[in-house]
Amino acid sequence: MGKRQIQIGLLLSRSGTYSLISEACRVGAMSAIAQINADPNLAFTLHAVERDPEGNIDRYEPLCRDILDNTNARHVVGCVTSSSRKEVIPTLERAGATLWYTVPYEGFEASDHVVYTHACPNQHLLPLLDWAMPTYGKRAYLTGSNYIWGWEMNRIARQEITAQGGEILGERYLPVGSPDVDLMIREIASARPDFILNSMIGRSQYQFIAAYRELAKTNPHFLPENCPIMSCNLTECELPALGDAAEGLVAVGPYFRGSTAWPEGHNFNSSHEAATFTAIRELARLLNLCPDAETLSLSELLRVDGAAEGIVDPQTHHTRLPVLIGQVEGGEFAVRRQFAPIMGDPYLSRGRSGLEGIAPKLRVVS
């Protein structure tokens, strides 16, 4: 009797401003699928149904709907931006389907239809700032792409930095993919911060990092040993786009090439690749727990006998991840600090000095 065949969606932009991230996720997905399909102990094989939104936010929802309406897939792996993730969640809800989201994000979300296998702020931004401020100083300049990732990351950073007696010297946003970084560079040159928190994505950050490297050539204050650029989403998959300008960049994540703490027993080229591989391996484990598991909703799947032995927190659908801070040295990330694994806490609800009540205070206006 042959194995049953299970389709899963891959919704990844293989072109557009953040295609390098998508390609890294796809490599992790296809590697996991190949390994699963070669496993004689599993009762099924996985088959990828791929759709490419090409980095266009307006294409994510229709393509997600196409996967769910026209194939048997009830699990979709993908989306890179938080905007695209939020675009597809209503469609997933209507179909009773699940998104496996495998890149870092800004937190403050816990959907019944999403599993988050990369880091949220208590696993990236807060540890990064804990390390950065004693190391470099408390005067920061914030950059971001003009959408929810940039807004929320910088909101949390403002709260944390000022709570610890620091100062925000400037804050600027660019449309996703915009190369217009000159004003940012001029402001940074004038303000002379201790570090820059970079929450841009794709080509915008490539242009910014290259321009900042040129600034450092004329003013040693902006050399990475004095005033580094720091990021919560930069990985090895984007270093080829940066070339020599990447030297000295600081990033935080659960994995850098050559790490051994997570995932166990595997080597990857970036944390995006590792988190996507991990997502599909965990999905396969859950699907193998009972017949027809692929027809179950995520909440039902996480209640099946044996599901609790996996990596997904049934309350928040986040995972426990190590925290590594790395700095580019000779074209590779060298680990500067490593923290013990931390469970994802998307609403920062477990308490933290200076961060309780981090949500903005609201008032009625007329």
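Residues numbered from 1 in each chain as written. Predicted model: local features only at pLDDT ≥ 70, side-chain atom pairs only at ≥ 80, totals over all residues. Heavy atoms only, no water.

Asker: Which parts of the structure should I look at to understand the overall build of the protein chain?
Answerer: Across its full length, the protein chain carries 10 helices and 12 strands. When the backbone C-alpha atoms are referred to their principal axes, the protein chain occupies close to 70 × 50 × 40 Å. The buried share of the protein chain, reckoned over its 366 residues, is 56%. For the protein chain, long-range pairs separated by at least 24 residues make up 68% of all intrachain contacts whose partners lie at least 6 apart in sequence. With 32 positive and 42 negative side-chain charges, the protein chain shows a separation of 3 Å between the mean positions of the two kinds. (Helix = DSSP H or I, 4+ residues; strand = E, 2+ residues; numbered from the N terminus. Buried < 20%, exposed > 50% of the residue type's maximum accessible area, 1.4 Å probe, protein only. Contact = heavy atoms within 4.5 Å. Lys, Arg positive; Asp, Glu negative; His and termini not counted. Charge placed at Lys NZ, Arg CZ, Asp CG, Glu CD.)

Asker: Sorry, what's going on with the sheet that holds strand β7 (residues 167-174) here?
Answerer: Strand pairing in a sheet relies on backbone hydrogen bonds, with the paired strands running either antiparallel or parallel. Strands sit in the order β7-β6-β8-β9-β10-β11-β12 across an open sheet of 7 strands; the sheet is mixed. Edge positions in the sheet fall to β7 and β12 (332-343), since each has one partner strand and no second. Averaged over all neighbouring strand pairs, the angle between strand axes comes to 20 degrees, with direction disregarded. Note that strand β6 (residues 139-145) and β7 share 7 bridges and pair parallel. (Pairing = 2+ DSSP bridges. Axes fitted to C-alpha atoms, helices over the stretch in contact; angles between N-to-C directions.)

Asker: Any chance you could explain the pattern of salt bridges here in plain terms?
Answerer: When their charged atoms lie close together, side chains carrying opposite charge are able to pair. Under the criterion given, the structure shown has 19 salt bridges. Arg-158 serves as the salt-bridge partner of Glu-171, at 2.7 Å between the closest nitrogen and oxygen. In this pair, Glu-171 is assigned in strand β7 and Arg-158 in helix α5 (residues 148-163), connecting sequence segments 13 residues apart. Note on Glu-171: relative accessible area 27%, which makes it partly exposed. For Lys-217, the salt bridge goes to Glu-214, with nearest N and O atoms at 3.0 Å. On the criterion of helical spacing, the pair formed by Lys-217 and Glu-214 is a turn pair, its members being 3 residues apart in helix α7 (residues 202-218). The exposure class of Lys-217 is exposed, given its relative accessible area of 59%. By relative accessible area, which is 46% here, Glu-214 ends up partly exposed. (Salt bridge = Lys/Arg side-chain N within 4 Å of Asp/Glu carboxyl O.)

Asker: Help me understand the sheet that holds strand β1 (residues 4-11) in this model?
Answerer: Strand order in this open sheet of 5 strands is β2-β1-β3-β4-β5, and the pairing throughout is parallel. The two strands at the open ends of the sheet, each matched to only one other strand, are β2 (44-51) and β5 (114-116). Strand after strand, the sheet turns through a mean of 25 degrees between neighbouring axes, direction not considered. Bridging between strand β3 (residues 75-78) and strand β4 (residues 98-101) involves 3 bridges; their strand directions are parallel. Note that in β4 the partner of His-75 across the bridge is Thr-98. Helix-sheet contacts for helix α3 (residues 82-95) involve β1, β4 and β5, and the interaxial angle to β4 is about 160 degrees.

Asker: In this structure, what is going on with the confidence of the model for the protein chain? I would like to understand it.
Answerer: Segments scoring low in pLDDT should not have their predicted coordinates read at a detailed level. Mean pLDDT for the protein chain: 94, with 95% of residues reaching 70 or above. pLDDT under 50 marks residues 353-366. Its contacts with residues more than four places away, or in other chains, come to 14 contacts. (pLDDT = per-residue confidence, 0-100.)

Asker: Help me understand the packing of helix α4 (residues 125-136) against α5 in this model?
Answerer: In a pair of packed helices, the angle between the axes and the distance between the axes together describe the arrangement. Where α4 contacts α5, the two axes come as close as 11 Å, and the packing angle between them is 45 degrees. Classed by the angle they form, the pair α4 and α5 counts as oblique. Note on packing geometry: the crossing formed by α4 with α5 is right-handed. Between α4 and α5, the contacting residues are Leu-125, Leu-126, Leu-129, Asp-130 and Met-133 on the first element and Met-153, Ile-156, Ala-157, Glu-160 and Ile-161 on the second. Among the residues making up the contact of α4 with α5, the classes are represented as 8 nonpolar, no polar and 2 charged. (Parallel < 35°, antiparallel > 145°, perpendicular 65-115°, else oblique. Left-handed = near helix turned anticlockwise from the far one by under 90°. Nonpolar A, V, L, I, M, F, W, Y, C, P; charged D, E, K, R; others polar.)

Asker: What's the story with the packing of helix α1 (residues 19-37) against helix α9 (residues 271-287) in this structure? I'm lost.
Answerer: Where α1 contacts α9, the axes come no closer than 7 Å and their chain directions differ by 35 degrees. Our pair here, α1 against α9, has a crossing hand that is right-handed. Together, Ile-21, Ala-24, Cys-25, Val-27, Gly-28, Ala-29, Ser-31, Ala-32, Ile-33, Gln-35 and Ile-36 of α1 and His-272, Glu-273, Thr-276, Phe-277, Ile-280, Arg-281 and Ala-284 of α9 make up the contact between the two elements. Classifying every residue of the contact of α1 with α9 by side-chain character gives 11 nonpolar, 5 polar and 2 charged.

Asker: How do you make sense of the pairing of β6 when you look at a structure like this?
Answerer: Two faces, one strand: in a regular strand the side chains alternate between the faces of the sheet. Of all 7 residues that make up β6, 6 are buried, and the element is covered over most of its length. By the bridge criterion, 5 bridges tie β6 to strand β8 (residues 195-199) in an arrangement that is parallel. Residue pairing for β8: Leu-142 is matched across the bridge by Leu-197.

Asker: Whenever I open this one, unusual backbone geometry confuses me. Can you help?
Answerer: Trans peptide bonds make up the majority, and among non-glycine residues the majority have a negative phi. Looking along the chain, the bond that leaves Trp-262 and enters Pro-263 is cis, with omega of -20 degrees. In this structure, Pro-263 sits in the loop between β10 (250-253) and α9. Positive phi, close to 50 degrees, is recorded for Leu-348, a residue that is not glycine. Counting through the fold element by element, Leu-348 comes out in the segment after β12.

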